[in-house]
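# Inside the fold
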Amino acid sequence: MTHRKPLVAANWKMNGSQALLAEITALLASTNWSKIDVLLCPPATLLPGLAATGQCLIGAQNISQFSSGAYTGELSASLLMEAGAQYVLIGHSERRTLFGESDELLAAKMQAAIGHGLTPVFCIGENLQQRQQEKTEQVLAKQLAAVYAAHPEFIAKSVIAYEPVWAIGTGEAASPEQAQQAHASIRQQLATYDAKAAAAVRILYGGSVNGKNAAELFAQQDIDGGLVGGASLNAEEFFQICQSAKG
Ligand SMILES: O=C[C@H](O)COP(=O)(O)O
């Protein structure tokens, strides 16, 4: 862990309930979190309920690239903010692969979020084949370039999440060394656009983070916390993961 304030984020994906929200926020209320930031990204329907608890930072899982209009089913930045969101996940591998979100679309979503004052958690990561072909750094650089080459000023307004696709939901997390190497390469790539912002930006690790492996992952020099999927659906385990980010 470093001089950057750690951030632990929960991505509930299309899971969770009001009951889980109540359980987790009650547990979070039992401790002082001044040393770290805790962010919950539940399904959008739960955002106002989370905002009402005042217990942590609040994030959405997706955003429209448009500001308003006839886009059935979509949620704009201002609607998300009205529901309480301060952060939004952009570029999660499930959005890239299952919903075909391209680099161009994700750049537009980044613009929509930052333009309205939402902090994006921009997710990038290589798949198994790309890792086996030793293309990890190249893939990460391309995903970063799609947003930050034209907008280096976005780095200071972002959080980055490194999520190797092969580690998501598989129970097989990257080793601390593998993750650190990828995080260092992300920071180096960002430094080519803005060295000061690259040194300050928080880079989270995501992919099978759990109560057992979190502390070792978070202890790496360029790992500033985690983006937690499955383990964030268990209140006690998520609490434990948050605790391990305190150092
Ligand atoms: O956004 C979270 C990631 O997809 C990680 O999910 P996971 O912790 O279930 O592997």
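Residues numbered from 1 in each chain as written. Predicted model: local features only at pLDDT ≥ 70, side-chain atom pairs only at ≥ 80, totals over all residues. Heavy atoms only, no water.

Tallying secondary structure elements over the chain gives 11 helices and eight strands in all. Its C-alpha atoms give the chain a radius of gyration of 17 Å, within 12% of the compact-globule value 18 Å for 247 residues. In terms of overall dimensions, the chain has C-alpha extents of about 45 × 45 × 35 Å along its principal axes. Taken across its 247 residues, the chain has 51% of its residues classed as buried. By sequence separation, contacts in the chain at least 24 residues apart represent 72% of the contacts at least 6 residues apart. Entry remark: accessible area of the chain is about 10,800 Å², with carbon and sulfur atoms responsible for 52%. Of the charged side chains in the chain, 16 are positive and 21 negative; the average position of the first set lies 4 Å away from that of the second. (Helix = DSSP H or I, 4+ residues; strand = E, 2+ residues; numbered from the N terminus. Rg over C-alpha atoms; globule rule 2.2 N^0.38 Å. Buried < 20%, exposed > 50% of the residue type's maximum accessible area, 1.4 Å probe, protein only. Contact = heavy atoms within 4.5 Å. Areas by Shrake-Rupley, 256 points an atom, 1.4 Å probe, with all protein chains shown as cover. Lys, Arg positive; Asp, Glu negative; His and termini not counted. Charge placed at Lys NZ, Arg CZ, Asp CG, Glu CD.)

Turning to empty space enclosed by the protein, a few remarks are in order. With the rule as written, the count across this model stands at one cavity of 30 Å³ or more. Estimates place the volume of the largest cavity at around 30 Å³. Counting residues per element, the ones that place at least two in the lining of the largest cavity are α4 (93-98) and β5 (119-124). Taken together, the residues that form the lining of the largest cavity break down as two nonpolar, four polar and two charged. (1 Å grid on protein atoms, 1.4 Å probe; cavity = no way out; pocket = protein on both sides within 12 Å on 5 of 7 lines; lining within 4 Å. Points joined across faces, edges and corners; volume = space filled by probe spheres on them. Nonpolar A, V, L, I, M, F, W, Y, C, P; charged D, E, K, R; others polar.)

Here the focus is the packing of aromatic side chains. To describe a pair of aromatic rings, one takes the distance between the centres and the angle between the planes. With the rule as written, the count across this model stands at four aromatic pairs. A centroid spacing of 6.2 Å and a plane angle of 55° characterise the contact between Tyr162 and Tyr205, whose relative ring orientation is tilted. Taken together, the residues Tyr162 in strand β6 (residues 159-162) and Tyr205 in strand β7 (residues 203-206) connect sequence positions 43 residues apart. Residue Tyr205 is classed as buried on the basis of its relative accessible area, which comes to 0%. Across the ring face of Trp33, the terminal group of Lys246 is positioned such that the distance to the ring centre comes to 4.6 Å. (Phe/Tyr/Trp six-rings, centres within 6.5 Å; stacked < 30°, edge-to-face > 60°. Lys NZ or Arg CZ within 6 Å of the ring centre and 35° of its normal.)

Looking now at the UniProt feature "active site" (unreviewed entry) in the chain. Per the UniProt entry, the sites bearing "active site" (unreviewed entry) are His92 and Glu163 in this numbering. The annotated residues occupy 72 residues of the chain but converge on a single region, no pair of C-alpha atoms lying more than 8.2 Å apart. For the largest cavity, the lining residues drawn from the annotated set are Glu163. Within the secondary structure layout, His92 lies in the loop between β4 (87-90) and α4. At 2.9 Å, the side chain of His92 and the backbone nitrogen of Glu94 are in polar contact. Relative to the elements of secondary structure, Glu163 occurs in the loop between β6 and α8 (176-191). The exposure class assigned to Glu163 is buried, which follows from its relative accessible area of 5%. Of note is the side chain of Glu163, whose polar atom sits 3.2 Å from the side chain of His92. (UniProt positions renumbered as here; feature names shortened; annotations may be inferred. Polar contact = N/O pair within 3.5 Å; in protein donor to acceptor, adjacent residues only side chain to side chain.)

Close contact between helix α1 (residues 18-28) and helix α11 (residues 235-244) brings their axes to 9 Å; oriented N to C, the two are set at 35°. Helix-helix and strand crossings are classified by hand; for α1 and α11 the assignment is right-handed. Counting all contacts with α1, which are made through Leu20, Glu23, Ile24 and Leu27, the residues of α11 involved are Ala235, Glu236, Phe238 and Phe239. Residues belonging to the contact of α1 with α11 are distributed by class as follows: six nonpolar, no polar and two charged. (Axes fitted to C-alpha atoms, helices over the stretch in contact; angles between N-to-C directions. Left-handed = near helix turned anticlockwise from the far one by under 90°.)

So, on to the layout of surface pockets. A volume near 510 Å³ is recorded for the largest pocket. Every residue lining the largest pocket is counted, 21 residues in all, and those nearest its centre are Lys13, Met14, Gln61, Asn62 and Arg95. Among the elements that make up the lining of the largest pocket, the one with the highest residue count is α4 (three residues). Looking at side-chain class alone, the lining of the largest pocket contains 11 nonpolar, six polar and four charged residues.

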